[in-house]
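Examination of the molecular architecture
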Amino acid sequence: MRAAIFFTAILIIALGAEIARAETDFTVHGGRWNGIGRFLAMADEESVSLAVTSSLDAHALDPGEAVILLEVAPGRDVARLSAFVDRGGLLVIADESEAVTPLYARLGFVRFDDPGPEAARLPSREGVYLSTPILEHPLVDGVGYLVTNLPRPFAHPGLSPIAAFDDERHLLAVGRLGQGEIVAIGDGSLFIDQSLELRENARFARNLLRHLRDRSRVHLVVGPGRVVGAPAGSGDRGAIRDLRDALNRVASIPTPPVGLYFTAVALLAFTVVYVAAKFFGNEAFQGPRTLVLRGTEGGVAGRVAFHREHSSNLRSPALVYRRTLYEALSTMLDAEVKNPAQAAARLRGLDESLATSATELLERLERVHAARSGEIGHRVSRRDYLQLVERGEALLREVERRTGAPR
């Protein structure tokens, strides 16, 4: 049964390579297969303070924070994030588009348009490749391989490659820059919902979230999101050269012996043959209809319809909505709102009954968030979910009416 689920998930990713490009990527809501609702739910489960944003003020970033660049709009300011890292920040670069080219150029990266002729590719599945870990690291703990969709690998002499397609093209690498850290990922689709249905990819996502857990806040940039402003010192051209030199000189993690690398390649080749054999020998896989999501309309109705077809428990979209509610309140009140107490304190200035109503709703969502499997509150029915969202939307409408601030 597990094997059947595994191969079905891989097929969905393989058949959806072109469809993913036609739809809006990295949507928070709507139940689309290339959304990121599952990753956001994982962040809640791993107690990571993750904020989704389409506008990042680099000047306001604290060294104790982290940034994940998943979908960035073109602009020169993105390159200035190097100064944020130098001061102690953690930067995850997962956008493989041209928008991050200025940042990669400033940091001394070399980029490739494809995984190369030696990459392990699934036969007759255009754009789907397997990458194997070549170095022990917490990011790939328990991960045998990663399934990628149209990846764009890279190379950097100062970073330690963790997963690669060959000895030159890397999918995942880490390194230090000044007081901070960089994690480079050559495939943003590792974050989408259908990719995270694969056990190995999901393990990597959880490992990454646990790596970010100690950060005071993690900003996830989608949209495509704009990066504005500049951290202190970023305008100093001499400092920028020092940053690039520091990254090039960084002491990388010892690379594995040549024998270990070729052993990993051999195991990966066996995996490709095994997976391909399952593809072509099983009548269960019959074309793109496996991609159809019932209830593909957007908004609350789409999320409920999608999860109703796949699970009787709507806890996952409830956790996503919890985070959305906090982010909306923070934006509208122009102050950080991360828990019911903060919401009550901010809203009492508007109306006491409004503060009480918000506290009751957020405390209910906190109980859902804290509940473990088998405990009361872990399961959220369709009716409960609709009630939570209805109350949340009414709360936001009232706050918007009283403050005049859009969500």
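Residues numbered from 1 in each chain as written. Predicted model: local features only at pLDDT ≥ 70, side-chain atom pairs only at ≥ 80, totals over all residues. Heavy atoms only, no water.

Overview of the overall build of the protein
- Across its full length, the protein carries 13 helices and twelve strands.
- Within the protein, buried positions represent 54% of all 407 residues.
- Long-range pairs, those at least 24 residues apart, make up 72% of the contacts in the protein between residues at least 6 apart in sequence.
- When the accessible surface of the protein is split by element, carbon and sulfur atoms take 51% of a total near 18400 Å². (Helix = DSSP H or I, 4+ residues; strand = E, 2+ residues; numbered from the N terminus. Buried < 20%, exposed > 50% of the residue type's maximum accessible area, 1.4 Å probe, protein only. Contact = heavy atoms within 4.5 Å. Areas by Shrake-Rupley, 256 points an atom, 1.4 Å probe, with all protein chains shown as cover.)

Points about the packing of aromatic side chains
- Counted according to the given criterion, the structure contains five aromatic pairs.
- Taken together, a centroid distance of 5.0 Å and an interplanar angle of 80 degrees make the contact between Phe39 and Phe191 edge-to-face. Taken together, the residues Phe39 in helix 3 (residues 37–45) and Phe191 in the loop between strand 11 (180–185) and helix 6 (199–212) connect sequence positions 152 residues apart.
- Taken together through their ring pairs, the aromatic side chains of Tyr104, Phe109 and Phe154 make up a single cluster. (Phe/Tyr/Trp six-rings, centres within 6.5 Å; stacked < 30°, edge-to-face > 60°.)

Quick notes on helix 3
- A large share of helix 3 lies buried, amounting to seven of its nine residues.
- Here helix 3 has its buried residues at Gly37, Phe39, Leu40, Ala41, Met42, Ala43 and Asp44.

Re the confidence of the model for the protein
- On average, residues of the protein score 76 in pLDDT, and 70% of them reach the 70 mark or higher.
- Long-range and interchain partners of residues 15–23, a stretch whose pLDDT sits below 50, account for 21 contacts in this model, where long-range means more than four residues apart.
- Here residues 277–311 scores under 50 on pLDDT; set against residues more than four positions off or in separate chains, the count is 58 contacts. (pLDDT = per-residue confidence, 0-100.)

A closer look at the pairing of strand 9 (residues 160–164)
- Counted residue by residue, strand 9 has five buried out of five residues, so it is predominantly covered.
- Relative to strand 9, strand 6 (residues 128–133) is paired through two bridges, and the arrangement is antiparallel. Paired with Thr132 across the bridge in strand 9 is Ala164.
- Note: strand 9 against strand 10 (residues 170–177), four bridges, orientation antiparallel. Its bridge partner lying in strand 10, Ser160 is registered against Val174.
- Where strand 9 hands over to strand 10, the hairpin turn is made up of five residues, counted between the paired strands. (Pairing = 2+ DSSP bridges.)

Considerations on the side chain of Glu71
- Note that Glu71 resides in the loop between strand 2 (66–69) and helix 4 (81–86).
- You can call Glu71 buried: its relative accessible area is 18%.
- Of the polar contacts made by the side chain of Glu71, one reaches the backbone nitrogen of Gly223; its length is 3.2 Å.
- For Glu71, the contacting residues outside a window of four places in its chain are Asp25, Phe26, Asp95, Val221, Val222, Gly223, Pro224 and Gly225. (Polar contact = N/O pair within 3.5 Å; in protein donor to acceptor, adjacent residues only side chain to side chain.)

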